[in-house]
Amino acid sequence: MSASNNKNSKPFLFPQAHSTVLPNPSKFFSPNLLSTPLPTNSFFQNFSLKNGHQPEYIHPYLIKSSNSSLSVSYPSLSSNSKVVSQVFKPDLTITSSSQVQIVQQQFNTFLPQFVNNAMNVLSSLREPHKISSYSDLSVTLDMPSSNLRFFLVRGSPFLTFSVTQPTHLSITTIHAIRYFSSDNNLKKHTFHFSNGQRWILYASSPIRLSHRLSEISSVAFSGVIRIALLPDSKPKSKAVLDRFSSCYPLSGDAVFQEPFGVEYKFKKKGSGDLLMLAHPLHVQLLAKKDCNVTVLSDFKYKSIDGELVGVVGDSWLLKTDPVSVTWHSSKGVKEESRDEIVSSLLKDVKHLNSSKITTNCSYFYGKLIARAARLALIAEEVNQFDIIPDVKKYLKETIEPWLDGTFNGNGFLYDKKWGGIITKQGSINAYANFGFGMYNDHHYQLGYFLYGIAVLAKIDPIWGAKYKPQAYSLMADFMTLSKNSNSKYTRLRCFDLYKLHSWAGGLTEFADGRNQESTSEAVNAYYSAALIGMVYDDAELVATASTLTSLEILAAKMWWHVKEGENMYEKVFSEKNKVVGVLWSNKGDSGLWFGPSEWKECRLGIQLLPILPISEVLFSNVKYVKGLVEWTLPALKRNGVGEGWKGFVYALQGVYDNEGALEKIRKLKGFDDGNSFTNLLWWIHSRGDGVENEVFFECLNDLTICE
């Protein structure tokens, strides 16, 4: 199934790009993968960038590949009032010891040729890993010069690798080995480190190990090895690892089960049942009905994402909260408030047609398109149909140049190297358009364009039919589900099917992995894709995009919205923060890309904009909203606070205090470039009573889960 291959839509490709800034993927991906669109925002992206040496978080371990070795860290958590982070330390480093032995042999027996031969060997030691396969939930790394293949499947408490040829193994640690033992058949080995960690190694056949202070060595071995950290001192935890050590995952796929369902299917090998780990959102969504898994609630690993809980079963069914994607507010505008909205609407539309967009930045341009499109839908909601043609004219004039390639100074191009849409500016400048040419922020920026296109196609179906191929091409850049080699776009470019939310970082190497700042713009992307499905009568697209919208909202509420008593973050962080600024794979940061943590109004605003009907669901928890606003309001007394950011704070105040918020927005002297006075009035006048809102929306969260 592919959202990009709508049967009624002819495929469309923008002109081909010749980027001078994009990295070459061939260094790390196996040749058989290079003919398919490659991931640009995946959980293992660091493995494919620069020298491939930055770590990635494969729950519950941080994994780092370097010089034909692989290091494993069970990361420690560090928290203060501004940052929560995981710290990488190479608890174990696994490599082949045969390479070192070759160099020593050459030195002893072929001294005249030593320098040349040793340099060749050392060169092979530096040979980068190869990504030989990947899936939604896994990546396989090959170490060509070490005969090692690592099956990195997300959520596995075991690190699993195969030794493809008889090889001497070396396992080193930065800690001292305090205790080492082997069972009678030499297939299970336990070692305790000076930092208190206890690790267990399981082998598919007997393997003889010896150890020194910080190194474990083996005789020549081929077969499968699994290594797991013992998470606690309970005898039951050790028994769990023993019991499930013989069955290991090779890969994992996520299959959309419409509506509002995702099924994990793990491909496994060995005997017995499969043991994996679920993060808190998984546990919340595991469907009790037709549940094929057993949750081991007392078998846990710590994680920056909350406790990881044992789950037995090779097929998980995750059922999300149903989300109704609508063009207009759920309750409608209060009758007595229509006149004020209409008065502002007439002014905003008049100003719309007397002004031109002066920016050629795809992000800011897209926001202005979406802002105008909001006016058309608000006009529908307050029965002001006479002004819709003016908005339609504006949208046509601003959107068409991007779709037909006539926009001056920028435009969309198709990049064949990675398989996706970039901009003309981004093809020559890695920092242009907020890194769009490096695959940064694709769902954010294209989401704004898609919102405008969906609205224009709704009010002008003839125009919509004409530009449907272009609309589907933009949507497919981040919404493709297909894994076929003939697809032009990678599968779900930004969405992480294990974490169940998006990443925005693109093809940039970061020590802390992927990152996302604005959850609300991510929600807008999938919401807008659902609107595209609605306007083109594509039920499959509506179902998939609505499911992703729901998941993005649930993840935002779990990891970005900081609530008292939920214990997602340490008290030292949660006491000082009501919302995360930027969430990384390995860090929760109170700061923003564009400002410090003290700019609380910006933190609130970047997690709210753009204000849409779907924002009702994202901020349905009235108690949380009230606490967030009260936490933010003192920051507005700071000199230099922008009027646009104030507008977002007052918008959320309107959820529980209509009159107080209206009084404040009426005094604003400016608005965010993606917002308007009309949109703020529409939002507040369609909120209703705060208690009523809380009861209505919280009933959506009453989902039964596996116990």
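Now for a quick tour of the structure. (Residues numbered from 1 in each chain as written. Predicted model: local features only at pLDDT ≥ 70, side-chain atom pairs only at ≥ 80, totals over all residues. Heavy atoms only, no water.)

### Here we look at the side chain of Thr547
This is how it is decided: The numbering of helices and of strands both runs from the N terminus, where a helix is a DSSP run of H or I of at least 4 residues and a strand a run of E of at least 2. Pairs of residues are marked as contacts when any of their non-hydrogen atoms sit within 4.5 Å.
By the element assignment, Thr547 lies in helix 12 (residues 539-560). Leave out the neighbours within four places in its chain, and Thr547 touches Phe256, Pro259, Phe260, Gly261, Val262 and Thr320.

### Side note on the sheet that holds strand 21 (residues 294-301)
Threshold: Here a strand pair is declared whenever DSSP counts at least two bridges between the two strands. In this analysis, axes come from line fits to C-alpha atoms, helices being fitted only over the stretch in contact, and the angle between any two N-to-C directions falls in the range 0 to 180 degrees.
With antiparallel pairing, the three strands of this open sheet are ordered in space as 20-22-21. A single partner strand is all that each edge strand has here, and the edge strands are strand 20 (275-278) and strand 21. With direction set aside, neighbouring strand axes in the sheet form an average angle of 35 degrees. Pairing of strand 21 with strand 22 (residues 308-312), which is carried by five bridges, proceeds in the antiparallel orientation. Its bridge partner lying in strand 22, Leu296 is registered against Gly310. Across the face of the sheet, helix 3 (residues 235-243) comes into contact with strand 20 and strand 21 while running at roughly 120 degrees to strand 21.

### Quick word on the sheet that holds strand 11 (residues 169-172)
Sheet architecture is open: seven strands sit in the order 1-2-3-6-11-16-15, paired in antiparallel fashion. Of all strands in the sheet, those bounded by a partner on one side alone are strand 1 (56-58) and strand 15 (209-211). Pairs of neighbouring strands in the sheet enclose a mean axial angle of 25 degrees, with direction left out of account. One ladder, built from four bridges, connects strand 6 (residues 92-96) with strand 11; its direction is antiparallel. Bridging across to strand 11, Ile94 finds its partner in Ile171.

### Remarks on helix 3
For the record, the criterion: Burial classes: relative accessible area under 20% of the type maximum marks a residue as buried, over 50% as exposed, and values in between as partly exposed (1.4 Å probe, protein chains only). An arc is given here, and it is the one of the directions from the helix axis to the C-beta atoms.
Within the span of helix 3, buried status applies to Ser237, Val240 and Leu241. End-on, the buried residues of helix 3 take up no more than an arc of 95 degrees, which puts them together on one face. Those residues of helix 3 that are exposed and angled more than 90 degrees off the buried face are Pro235, Lys236 and Arg243. Summarising the contacts, the buried residues of helix 3 are in contact with strand 10 (158-167), strand 14 (198-203), strand 17 (221-229), strand 20 and strand 21.

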